[in-house]
Amino acid sequence: MTKDEKKPFEQTLGEWKRFIYNPGNGQILGRTAESWGLILLFYLAFYGFLAALFTFTMWVMLQTLSDDIPKYRDQISSPGLTIVPKPHGALEFSINSSKTSTYENYVSAITNFLRAYERERQEFHTHCRNGTLFEQDDLSPKRACRFPLEMLETCSGLQDTSYGYPEGNPCIFVKMNRIIGLRPQGTPRIACAVKEGKEVPLAVFPQNGSIDLKYYPYYGKKLHVDYLQPLVALQVMLHAHNEEVLIECKIEGSPNLRNQDDRDKFLGRVAFKISMAH
Amino acid sequence: MGKKKSAVYSVEVNGIKDIETVDEGDGKEKYRGLKNHSGHKKDHQKEELKKELDLDDHKLNTTELEDKYGTNIIRGLTSTRAAEILAQDGPNALSPPKETSEIIKFLKQMVGGFSILLWAGAVLCWIAYGIQFAQDNSVSMDNVYLGVVLALVVIFTGIFAYYQEAKSTNIIASFSKMIPRQALVIRDGEKKEIPAEQLVVGDIVEIKGGDQIPADIRILASHGCKVDNSSLTGESEPQSRSCDFTHENPLETKNIGFYSTTCLEGTATGMVINTGNRTIIGRIASLASGVGNEKTPIAIEIEHFVHIVAGVAVSIGVIFFIIAVSMKYPVLESVIFLIGIIVANVPEGLLAAVTVSLSLTAKRMAKKNCLVKNLEAVETLGSTSIICSDKTGTLTQNRMTVAHLWFDNQVYQADTSEDQKAQIFDQSSATWASLSKIVTLCNRAEFSPGQENVPIMKKIVVGDASETALLKFSEVIMGDVMERRNRNRKVAEIPFNSTNKFQLSIHETDDPNDKRFLLVMKGAPERILEKCSTIMINGQEQPLDESTAEAFQTAYMELGGLGERVLGFCHLYLPEDEFPDTYPFDAETMNFPTSGLCFVGLLSLIDPPRSTVPDAVTKCRSAGIKVIMVTGDHPITAKAIAKSVGIISANSETVEEMANRLNIPVEQVNKREAKAAVVSGMELKEMSTEQLDEILINHTEIVFARTSPQQKLIIVEGCQRQDAVVAVTGDGVNDSPALKKADIGIAMGIAGSDAAKMQQTWSLLDDNFASIVTGVEEGRLIFDNLKKTIAFTLTKNIAELCPFLIFIIAGIPLPIGTVTILFVDLGTDVIPSIALAYEKAETDIMNRKPRHKKRDRLVNQQLALYSYLHIGILQSLGAFLAYFTVYAEQGFKPAQLIFLRSEWEDDSINDLEDSYGQEWTRYQRKNLEWTGYTAFFVAIMVQQIADLIIRKTRRNSIFQQGLFRNKVIWVGIASQIIIALILSYGFGSITVLSFTTLRVQYWFVAVPYAIVIWVYDEFRKLFIRRYPGSWWDKNMYY
């Protein structure tokens, strides 16, 4: 009886039409033009105020920041390891030494990456003392230590601009993530080993895969403009094999650089696969 | 009918009413209302009704009856035959109206308006997961969890609500499961006591005063049997039953006794002609199931709210879907966004909060004797705009009480309060001594034995209402009536009958020196006066002259005009010489004088109003609630009670009264000027729907008298046509259609019959009208508080949704994750939103009009806009400030975050450079993202504290309301903080929860915004108070 029954369609339509524009009282969408004007004006003012408020608070917050170093490094106490070149997607190299197309991207990526390390670019960099941290808190501007590519020997690209890929002995560069103020303890080095697959020979440059302390600490993009990250090159001698190997590199020899985190697979270590065909 | 006595209404003791039954001559008419309504429902109900009227057992003589039912009047049925019939017809009990099975009830809890929203959300989540999984099977399980949580919320809330309702249903059920009724039946030639349920058609039963009639019976023999048919017809006067066929209509004839009516006095033997559902009352009860059940107002409001939320969700979803697609997001990903946005709009915690708030109120009401059957009905009473109340028992104490006395030419007032402690009228007069003697002696009512320690007013009495009143009256004043009666031994008695209209008894006196017999008589005043030649004034007999007769007449008119039942009392000391000790008094031949008596006084009786009622009615009136009295009683009584409780206020007049005063015919009175109206059932019967509507609209104070309970349904529907939310009180089975039709059916707990209780949404355990007012107050409060709860809960929805929108549009790392949102909705916000249910009323909620069903919504445009677009946006800004602070301080400045998303979320990039040249592994970024979640979460929590405080009031300043009056709010705030602390510092290391241990200062980033929220809302309220009716008030008051 008083239950609402389905209204006929025309009525519904009529109601909607009247809602959109009601000629009776000149209401558009339930408000008169004046009322719309007022409400829009109000929201304009209100949101103007909110925008100002937000801008102001953000400005205050940004004022407290330094341009040079971040306030906190809560999440990055220990660096991650990454490799160059980086295959697309998962860390799996699939190389056919007789097919240039399977590795030319890698070669050019390496070339690009090493461009920063070219001798000419390092001309004004400092020769730092090996084996000690290069503290320069009071210096300004901060100076970068030289990283001579020669240290990487066969992977330096000085003799072999294709980094061993056509021969089936690809070079892969391991680097440690930059973290401002990180001071490695002990004698950090990158140790690589075959985890799965045939025990193929691995050559590591520089000797021992060591990372010299003189490259630390890092002072940040703005202060430490020309900073060069130390690199470790790994050459995987796969020229005699059609093999798939899983290689893991870890930071070792430094008590404050962690390399075993259950959740973070890249914290102080990196694992990648190379499948080589000839 | 009814007009026979227009000025004075009196009913004699034991009397057959001199006013004939309401619908004399056409019992069918009583069912007119019902028939009209059942007409277009189910045909078989019509059939049922016809069958009922086809009943012709009352016309048959005993032999025909014996033949028809295969029984013997003397020996009854044989046990074997009875067992056969029992097996065939089933037990003699009303089957409860289709009890919904527990499973259905349980499932119903889970498909209500709100639950549907959550279910839809859950399903969408799973669909989204399905799509994501099809694309990438390593996708996070967040959507599955979210879906599961949504489903669990519905299920748990459903279980809770089901449990709550089952609890109150049980309490109600415990009332109906009273002692199994026994019936005295003759079977195999022997009298046996068997449970009434086992009665079958053809059984011969014996009933006596005090019994409930166990089935529909045809009376075969009767000795002064009187029944109370009020539960069937609403007529409160006792009706005599005899074996004579007196009326064509089975409802009117005297030789049928109806199931569930009570035998007041006398004894009768009858043959069972209908049992169980086939009884008249059983058929009426079954009719109720044909009356449509109305949705509770709160259910409608929640539906409306769900529409709003769903509308907002879908609109935002679609808008951003379009944006996402035009930003070249893949379509499937855009669909995921769409679903995500819709789901983010679902207020997960609200269902639980609303359910708990309602049940808290239900609990509070139960303490005040209102039981709610359905949680949603808690609020209904608050929206009530019309209460159709019974008179007897609800407005009145449901017991006759001496209200006035008239002797020595003077009217005295008696105490009619519930305990009657102080009878303060002058008792020194000798006339009073005589009068009290008559009252004590000329009375057949007796206290049931074994009640020595029971207060007098509560003692159970065998006897009719008037005699009971007189008995208790004299017991209170003089003490030990039974002892006094023993000392004045009764030697002869003429019980009341309708021709005499008096009751007489002759007693020895307790004065050992006085050997005279005392003849005492009471009855209809004019009859008593006729029999008197003298009148006692100040203990002296004086001849009854013109002036005294006139005084009597005035007093009689005065008391009758108050709607009171007036009784006259007289006595005569029989001369000792004519009537010696041994005189054989014979009541049959009346060998003693019955005239020339001495008139002593008048007593008038009324069922007095409950002392709390006038106050309650006043409250209703100031709360804008129309109280309509619907009673089976005579208009004059009804009007008198209505006036004394304020249903008709002191200065308002009916049309008739106006006509009288202005000395013009009734027709010329402007009906609109008369506030009050007294409508009798007779008039109502003749009225068209329009006329009824007109009465309901034009008069604010309405009394329906002499109505049959079936007409209640018509009245209820009339009120509902005015868009009113109607509450109806009722107790009889016959009320159940009206109770069911009403928006809120209030069954009176103690007196209410079982079937009525099945139809109601409410039970008043103390039958007290004042309890209804409590219900109204609580209902209004919970409506206000639900508004606050909803506003509180909706606000943060925006703060939870905005991050996702910005994430889509600006490609920033996700500010807050799904699981984290759940911890706000189902963690920190739950207790605070319930705490708002404890908020005290802002202003006197009983001083405003009831809300308009269609205009005053629970969730209106203002509430939605203010929550979403004002406080919600403010909250989002505060939370974003926290988010940007965390990222900037950890290395990612705001500018760098824009469109960082694809790199940020790329698992293969483990040396992502931040604004300072540092490089981040994916997991380190994830940790930062979780820190962002936690900071965002804490920011929302902090601002929700401010939100909670501002939601305490909608109009008043927080300082007017008092920050500390509602302690539960503080429990809520403490819970917010403690839960957040536990999540951050306790579970900070559990990755699936995606919380991290937050630096202390990040807890305070949003505090300035919390303060702004509070200040802004104080200004809003200030302007609302300052400029009522202004543009601000209209747009900002929710």
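Structure's up top.
Residue numbers run consecutively from 1 along every chain, following the written order of its sequence. Chain letters start at A and ligand numbers start at 1, both assigned in the order the entries are written. Where totals are concerned, whole chains, interfaces and linings use all residues; where local detail is concerned, this predicted model gives features only for residues with pLDDT of at least 70, and gives and counts side-chain atom pairs only at 80 or more. In computing side-chain properties, one takes all heavy atoms of the structure into account and sets aside hydrogens as well as water.

### Comments concerning the overall build of chain B
Counting from the N terminus, the helices are DSSP H or I runs at least four residues long and the strands are E runs at least two residues long. Helix and strand content of chain B: 37 helices and 28 strands. Evaluated residue by residue, chain B yields a buried proportion of 59% over its 1038 residues. Contacts were defined at the residue level, with two residues in contact if any of their heavy atoms lie within 4.5 Å. For chain B, the proportion of contacts with a sequence separation of at least 24, taken over those separated by at least 6, is 72%. In the form shown here, chain B has an accessible surface area of approximately 39,700 Å², with 57% of it arising from carbon and sulfur atoms. Per-residue accessibility, obtained with a 1.4 Å probe over protein chains only, is compared with the maximum for each type, and a residue is labelled buried under 20%, exposed over 50%, and partly exposed between these values. Working definition of accessibility: Shrake-Rupley area with a 1.4 Å probe, residue cover restricted to the visible protein chains.

### Some points on the overall build of chain A
When its secondary structure is counted, chain A shows three helices and eleven strands. Traced from its N-terminal end to its C-terminal end, chain A shows the element sequence α-β-β-β-α-β-β-α-β-β-β-β-β-β. For this measure, only C-alpha atoms enter the radius of gyration; the expected value for a globule follows 2.2 Å times N^0.38, where N is the number of residues. What you see for chain A is a C-alpha radius of gyration of 31 Å, clearly larger than the 19 Å of a compact globule of 278 residues, by over 25%. Based on the C-alpha atoms only, the size of chain A along its principal axes is roughly 90 × 55 × 35 Å. The buried share among the 278 residues of chain A stands at 45%. Within chain A, contacts between residues at least 6 apart in sequence are counted, and of these 73% link residues at least 24 apart. In the structure as shown, chain A presents an accessible area of about 15,000 Å², 55% of it carried by carbon and sulfur atoms. For the purpose of counting charges, residues Lys and Arg are taken to be positive, whereas Asp and Glu are taken to be negative. His and the chain ends are not included. To locate a charge, take atom NZ for lysine, CZ for arginine, CG for aspartate or CD for glutamate. Side-chain charges of chain A comprise 32 positive and 31 negative groups, with the mean position of each set lying 4 Å from the other.

### What about the packing of helix α33 (residues 922–951) of chain B against helix α36 (residues 1007–1026) of chain B?
Residues and elements named next belong to chain B. Taken N-terminus to C-terminus, the directions of α33 and α36 make an angle of 20°; their axes are 8 Å apart at the nearest point. It follows from the interaxial angle that α33 and α36 lie roughly parallel. Regarding α33 and α36, the two cross each other, and that crossing is right-handed. Side by side, α33 and α36 meet where Val942, Gln943, Ala946, Ile949 and Ile950 of the first sit next to Val1007, Tyr1009, Ala1010, Ile1013, Trp1014, Asp1017 and Lys1021 of the second. Any residue outside Ala, Val, Leu, Ile, Met, Phe, Trp, Tyr, Cys, Pro, Asp, Glu, Lys and Arg is labelled polar, Gly included; the first ten of those are nonpolar and the last four are charged. Grouping the amino acids of the contact of α33 with α36 by side-chain chemistry returns nine nonpolar, one polar and two charged. Only the stretch in contact is used when a helix axis is fitted, and all axes are lines through C-alpha atoms; the angle between N-to-C directions ranges over 0 to 180 degrees. Working rule for angles: under 35 degrees goes down as roughly parallel, over 145 as roughly antiparallel, 65 to 115 as roughly perpendicular, anything else as oblique. Note on convention: the crossing is left-handed when the near helix lies turned anticlockwise from the far helix by less than a right angle, right-handed when the turn is clockwise.

### Quick look at the interface of chain B and chain A
At the junction of the two partners, chain B supplies 55 residues and chain A supplies 49 residues. Definition used for salt bridges: Asp or Glu carboxyl oxygen within 4 Å of a side-chain nitrogen of Lys or Arg. Viewed at the interface, chain A and chain B are joined by eight salt bridges. A salt bridge links Glu913 of chain B to Lys221 of chain A; the nearest nitrogen and oxygen atoms lie 4.0 Å apart. For this analysis, a polar contact is any N or O atom pair within 3.5 Å, provided that within protein one partner can donate a hydrogen and the other can accept it, and provided that sequence-adjacent residues contribute only side-chain to side-chain pairs. Across the contact surface, chain B and chain A share 24 residue pairs in polar contact (both at pLDDT 80 or more). Looking at the side of chain B that touches chain A, the elements with two or more residues in it are α30 (861–890), β28 (919–920), α33, α36 and α37 (1031–1036) of chain B. With 14 residues, the top contributor of residues to the side of chain B that touches chain A is α30 of chain B. For the side of chain B that touches chain A, the per-class residue count stands at 22 nonpolar, 22 polar and eleven charged.

### With respect to the packing of aromatic side chains
Stacked, tilted and edge-to-face are the three classes applied to pairs of Phe, Tyr and Trp rings, where Trp contributes its six-membered ring and a pair requires centres within 6.5 Å; stacked means planes under 30 degrees apart, edge-to-face means over 60, and tilted covers the rest. This model, assessed by the stated rule, comprises 55 aromatic pairs over all chains. Between Phe579 of chain B and Tyr583 of chain B the ring centres are 4.7 Å apart and the planes differ by 80°, which places this aromatic pair in the edge-to-face class. Residue classification places Phe579 of chain B among the buried positions, given a relative accessible area of 5%. Classification of Tyr583 of chain B as partly exposed rests on a relative accessible area of 22%. When the ring of Tyr866 of chain B is compared with that of Tyr1038 of chain B, the centres are 6.0 Å apart and the planes differ by 20°; the resulting orientation is stacked. Separated by 172 residues along the polypeptide, Tyr866 of chain B in helix α30 and Tyr1038 of chain B in the segment after α37 bring together distant segments of the chain. Each member of the pair Tyr866 of chain B and Tyr1038 of chain B is classed as buried. Clustering of aromatic rings is evident, with ring pairs tying together Phe42, Tyr43, Phe46 and Tyr47 of chain A together with Tyr866, Tyr1016, Phe1019, Phe1023, Tyr1027, Trp1031, Trp1032 and Tyr1038 of chain B. Should the NZ of a Lys or the CZ of an Arg lie within 6 Å of a ring centre and within 35 degrees of the ring normal, that charge is described as sitting over the ring. Above the ring of Tyr72 of chain A, the side-chain terminus of Arg999 of chain B is found at 3.6 Å from the ring centroid. The ring of Tyr866 of chain B carries the charged tip of Arg1020 of chain B above its face, separated from the ring centre by 4.5 Å.

### Some details on the nonpolar core
Each nonpolar core is a collection of buried residues, namely Ala, Val, Leu, Ile, Met, Phe, Trp, Tyr and Cys, held together in the definition by side-chain atoms within 4.5 Å. Formed by 215 residues in total, the largest nonpolar core has its most connected members in Tyr165, Phe173, Ile247, Phe272 and Ile274 of chain A together with Phe769 of chain B. Discounting residues that sit within four places of it in the chain, Phe173 of chain A has contacts with Thr82, Ile83, Val84, Ile110, Leu114, Leu152, Cys155, Tyr163, Leu231, Val232 and Ala233 of chain A. The next biggest cluster of nonpolar side chains, apart from the first, holds 28 residues, and it includes Leu504, Cys570, Phe585 and Phe592 of chain B.

### What about the sheet that holds strand β5 (residues 92–96) of chain A?
All names here are of chain A. Strand pairing follows a simple DSSP-based rule, namely that at least 2 bridges must link the two strands. The four strands are arranged β5-β11-β10-β7 in an open sheet whose pairing can be described as mixed. Since the sheet does not close on itself, it has two edges, and those belong to β5 and β7 (189–196), each with one partner. Direction aside, neighbouring strands of the sheet carry axes that sit 25° apart on average. Here seven bridges tie strand β10 (residues 244–252) to strand β11 (residues 269–277), and the two strands are oriented antiparallel to one another. Counterpart to Cys249 in the pairing with β11 is Val270.

### Describing the state of the cysteines
All names here are of chain A. Here, the term disulfide refers to a pair of cysteine sulfur atoms separated by no more than 2.5 Å. According to the stated counting rule, one finds three disulfides over all chains in the structure shown. Residue pairing for Cys128: its cysteine sulfur links by disulfide to Cys145, the two sulfurs lying 1.9 Å apart. Residues Cys128 and Cys145 share a disulfide whose torsion about the S-S bond is about -100°; that sign makes it left-handed. Of the two residues, Cys128 sits in the loop between α3 (104–115) and β6 (171–176) while Cys145 sits in the loop between α3 and β6, which places them 17 residues apart along the sequence. Under the relative-accessibility criterion, Cys128 is labelled buried at 13%. Across the disulfide from Cys155 sits Cys171; the S-S distance is 1.8 Å. Because the torsion about its S-S bond is -80°, the bridge between Cys155 and Cys171 counts as left-handed.

### Observations regarding the side chain of Asp693 of chain B
Its place among the elements puts Asp693 of chain B in helix α23 (residues 689–698). When neighbours within four sequence positions are excluded, Asp693 of chain B is seen to be in contact with Gly718, Arg721 and Gln722 of chain B.

### Some thoughts on the pattern of salt bridges
According to the stated counting rule, one finds 52 salt bridges over all chains in the structure shown. Here Arg851 of chain B ties to Glu379 of chain B by a salt bridge, and the two come within 3.4 Å at their closest N and O atoms. Of this pair, Arg851 of chain B sits in the loop between α29 (830–835) and α30 while Glu379 of chain B sits in helix α13 (residues 377–383); the two residues are 472 residues apart in sequence, bridging distant segments of the chain. Since its relative accessible area comes to 1%, Glu379 of chain B is described here as buried. A single salt-bridge network, built from bridges that share partners, covers Lys175, Arg178 and Lys221 of chain A together with Asp911, Glu913 and Glu919 of chain B.

### Remarks on a negative patch on the surface
Put simply, a patch holds well-exposed residues, over 30% relative accessible area, that have no salt bridge, with like charges counted together within 9 Å and Val, Leu, Ile, Met, Phe, Trp or Tyr side chains within 5 Å. Residues Glu576, Asp577, Glu578 and Asp581 of chain B make up a contiguous surface patch of negative charge. Tracing the chain through its elements places Asp577 of chain B in the loop between β19 (565–574) and β20 (597–606).

### Observations regarding the side chain of Arg857 of chain B
In this structure, Arg857 of chain B sits in the loop between α29 and α30. Side chain to side chain, Arg857 of chain B and Glu301 of chain B meet in a polar contact 3.1 Å long.

### Details of the environment of Leu351 of chain B
Residues and elements named next belong to chain B. Along the chain, the position of Leu351 falls in helix α12 (residues 348–367). A relative accessible area of 8% means that Leu351 is categorised as buried. When the C-alpha positions of Leu351 and Phe473 are compared, they lie 56 Å apart, and in sequence the two are 122 residues distant. Filtering out sequence-adjacent residues up to four positions away, Leu351 remains in contact with Phe114, Ser115, Leu118, Val154 and Thr157.

### Structural notes on the sheet that holds strand β9 (residues 231–236) of chain A
Residue and element names in this part refer to chain A. With antiparallel pairing, four strands are arranged side by side in an open sheet as β4-β6-β9-β8. Pairing within the sheet leaves two strands with one partner each, and these edge strands are β4 (81–84) and β8 (202–205). Strand-to-strand, the axes of this sheet are offset by a mean angle of 25°, without reference to chain direction. Seen against the sheet, α3 touches β4, β6 and β9 and runs at an angle of roughly 40° to β6.

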